[in-house]
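# A closer look at the structure
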Amino acid sequence: MGTSRTGAAGATARTHVSRTGQVAPAPRTGLKAPLSVAPSLPLDEILIGDCIAALERLPPESVDAVFADPPYNLQLEGALTRPDASLVDAVDDDWDKFASFSAYDAFTRAWLLACRRVMKKNATLWVIGSYHNIFRVGATLQDLDFWLLNDIVWRKANPMPNFRGRRFTNAHETLIWASKSAGAKAYTFHYDALKAGNEDTQMRSDWFIPLCTGEERLKGADGRKVHPTQKPEALLARVILSSTNPGDVVLDPFFGTGTTGAVAKRLGRHFIGVERDSAYAAAARARIAAVEPLSGAAIAAAPEKRAEARVPFLSLIEGGHVQPGETLVDERRRHKAVVRADGTLAVGPIVGSIHKIGALVQGLPACNGWTFWNAERAGRLVSIDAYRAKVREALSA
């Protein structure tokens, strides 16, 4: 969660709106701000200043993904202390304070519209938040015709306790993943790679990841955290690996200390960061400069099964891999079906596809016939999916 950038919808590049909704001149940062109109995309740069103004200077439909960690509007009332009376280092910065819910909603609408303009047609957007703000963000996303794909629960392995004992321990945050519109069907999602990395089980929408601690947590010379809400790199890695490809451009309009940029660089993606606070930006630059990108082999996108060429079962018969009249069985040899010359299977008088017959014999509504049926070869079973792979290999040769 980086610093907030504006407080009202429709803000222009010449106007800054404070947390309280009062118009004020844009602050001087002391750093060279690459916010002037540029002929090309400012890849791997941190733009210093108001995020609305910065995003207005980017070309339309130019980024592949957005990760946004906006102010949460935590609405803290006074200092938070532990039972021993020590002070909790909580988020009490001015950039997280808004005069009202309506001011926060206007701010949310403004930066989401700015992000929407620079998103490619099939780009997706991630927003992270807590119960203080995520429901308001979600409603605004739907009002702006974004299409919600998932809400992800980030379960914290080591959450901060509830010191006052008046509520449940707040042990999670929520990420909303959305496409630009309901019609954007070709968005990136590496389903097969995520499944393979998760013990061949579908990746779930609850992610158990520790908070940012230890050497990963950036600290200043005084030993205090540089940023109060620095996100763990593991969280950003899963976001980026799931929904982008090597070479893609990831925009972070609330860059903070640069977790998005550091992870993007390591994983072979480009980033564009926007950050108002010059101290945060300086810490982010130093952090990203020290990152060593992984090798191409380590980050190359794994082939997606859905992107592979479709192979009809009839092609296996035509290629001589399966013979008409032979019997296919499941891996436990409990069910049998006869191969017909036209590429269908038969169980008694019932004829259908490998999928339909596979579902029928099991009494299930659906079945992946490619992984269910096997051919007998020299006393052992060979999955017909192995023969499909051979046909695909021949087609691509």
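Residues numbered from 1 in each chain as written. Predicted model: local features only at pLDDT ≥ 70, side-chain atom pairs only at ≥ 80, totals over all residues. Heavy atoms only, no water.

## Side note on the overall build of the protein
The criterion, for reference: Per the convention used, a helix needs a DSSP run of H or I reaching at least four residues, while a strand needs a run of E reaching at least two, with both numbered from the N terminus. Between buried and exposed lies partly exposed: a residue is buried under 20% and exposed over 50% of the maximum accessible area for its type, with that area taken using a 1.4 Å probe on protein chains only. We call two residues in contact whenever any of their non-hydrogen atoms come within 4.5 Å of each other.
When you go through the protein residue by residue, the secondary structure sums to 12 helices and 16 strands. Per-residue burial over the protein gives 44% buried out of 397 residues. Long-range contacts, defined as pairs at least 24 residues apart, comprise 69% of the intrachain contacts of the protein with a sequence gap of at least 6.

## Focus: the sheet that holds strand 15 (residues 374–377)
Using the following cut-off: Pairs of strands are assigned from DSSP output, requiring at least two bridges between the strands. For helices, the axis comes from a line fit to the C-alpha atoms of the stretch in contact; other axes are also lines fit to C-alpha atoms, and the angle between any two N-to-C directions lies between 0 and 180 degrees.
Read across the open sheet, the six strands follow the order 14-13-12-11-15-16; overall the sheet is antiparallel. The strands lining the two open edges of the sheet, one partner per strand, are strand 14 (350–352) and strand 16 (380–383). Geometrically, the sheet is characterised by an average inter-axis angle of 40° between neighbouring strands, direction not taken into account. Summarising the sheet, strand 13 (residues 345–347) and strand 14 pair through three bridges and their orientation is antiparallel. Residue pairing across strands places Val347 opposite Ile350, the latter belonging to strand 14. The strands touched by helix 10 (residues 354–362) within the sheet are strand 12 (336–339), strand 13 and strand 14, with strand 14 carrying the most contacts at an inclination of about 135°. Relative to strand 16, helix 12 (residues 384–396) is tilted by about 50°, and along the sheet it contacts strand 11 (327–329), strand 15 and strand 16.

## Considering the packing of aromatic side chains
In this description, an aromatic ring pair is defined by two values, namely the gap between the centres and the angle between the planes. Note the following rule: To pair, rings of Phe, Tyr and Trp, with the six-membered ring standing in for Trp, must have centres within 6.5 Å; the planes then decide the type, stacked if under 30 degrees apart, edge-to-face if over 60, and tilted in the middle.
The final tally for this structure, using the stated rule, is 11 aromatic pairs. When the centroid spacing of 5.7 Å and the interplanar angle of 55° are considered together, the rings of Tyr104 and Phe107 count as tilted. In this pair, Tyr104 and Phe107 both sit in helix 2 (residues 101–118), three residues apart, roughly one turn of the helix. What makes Tyr104 buried here is its relative accessible area of 0%. Take Phe107: its relative accessible area is 0%, and that puts it in the buried class.

## Examining unusual backbone geometry
In this structure, Asp200 is a non-glycine residue whose phi angle is positive, near 60°. Among the secondary structure elements, Asp200 is positioned in the loop between helix 4 (191–196) and strand 8 (206–209). Although it is not a glycine, Arg333 sits at a positive phi angle of roughly 60°.

## A short note on the nonpolar core
What counts, and what does not: As used here, the term nonpolar core means buried Ala, Val, Leu, Ile, Met, Phe, Trp, Tyr and Cys residues forming a set that is joined through side-chain atoms within 4.5 Å.
By size, the foremost hydrophobic cluster in this structure holds 33 residues, and its most contacted members are Val63, Trp111, Leu125 and Leu251. Excluding residues within four positions of it along the chain, Leu251 makes contact with Leu55, Leu58, Val63, Ala65, Val66, Phe67, Cys115, Val118 and Ile272. Listed in part, the 28 residues of the second largest apolar core include Trp207, Ala262, Phe271 and Ile288.

## Let's talk about the sheet that holds strand 10 (residues 270–275)
Sheet architecture is open: eight strands sit in the order 3-10-9-4-5-7-6-8, paired in mixed fashion. The open sheet has two edge strands, strand 3 (45–48) and strand 8, and neither has a second partner. For this sheet, the mean inter-axis angle between neighbouring strands, taken without regard to orientation, is 20°. Both strand 6 (residues 147–156) and strand 8 contribute to a ladder of four bridges, which runs parallel. If you follow Arg155 over to strand 8, its bridge partner there is Phe208. Across the face of the sheet, helix 5 (residues 233–243) comes into contact with strand 4 (63–68), strand 5 (119–129), strand 6, strand 7 (172–179) and strand 8 while running at roughly 140° to strand 8.

## Regarding the packing of helix 2 against helix 3 (residues 134–143)
The following threshold applies: Orientation labels follow simple angle bins: below 35 degrees gives roughly parallel, above 145 gives roughly antiparallel, 65 to 115 gives roughly perpendicular, and whatever is left gives oblique. Two helices crossing with the near one rotated counterclockwise from the far one by less than a right angle form a left-handed crossing, whereas a clockwise rotation gives a right-handed crossing.
Remark: helix 2 packs on helix 3, axes separated minimally by 10 Å, with the N-to-C direction vectors making an angle of 50°. The orientation of helix 2 with respect to helix 3, classified from their angle, is oblique. Considering how the two elements wind past one another, helix 2 and helix 3 form a crossing that is right-handed. Across from Phe101, Tyr104, Asp105, Thr108, Arg109 and Leu112 in helix 2, the residues of helix 3 making contact are Arg136, Val137, Thr140 and Leu141.

## Let's talk about the pattern of salt bridges
Selection criterion: Basic side-chain nitrogens of Lys or Arg form a salt bridge, by our definition, when they fall within 4 Å of a carboxyl oxygen of Asp or Glu.
In this structure the tally under the stated criterion is 12 salt bridges. Here Arg340 ties to Asp342 by a salt bridge, and the two come within 3.0 Å at their closest N and O atoms. Among the residues examined, Asp342 registers a relative accessible area of 42% and is labelled partly exposed.

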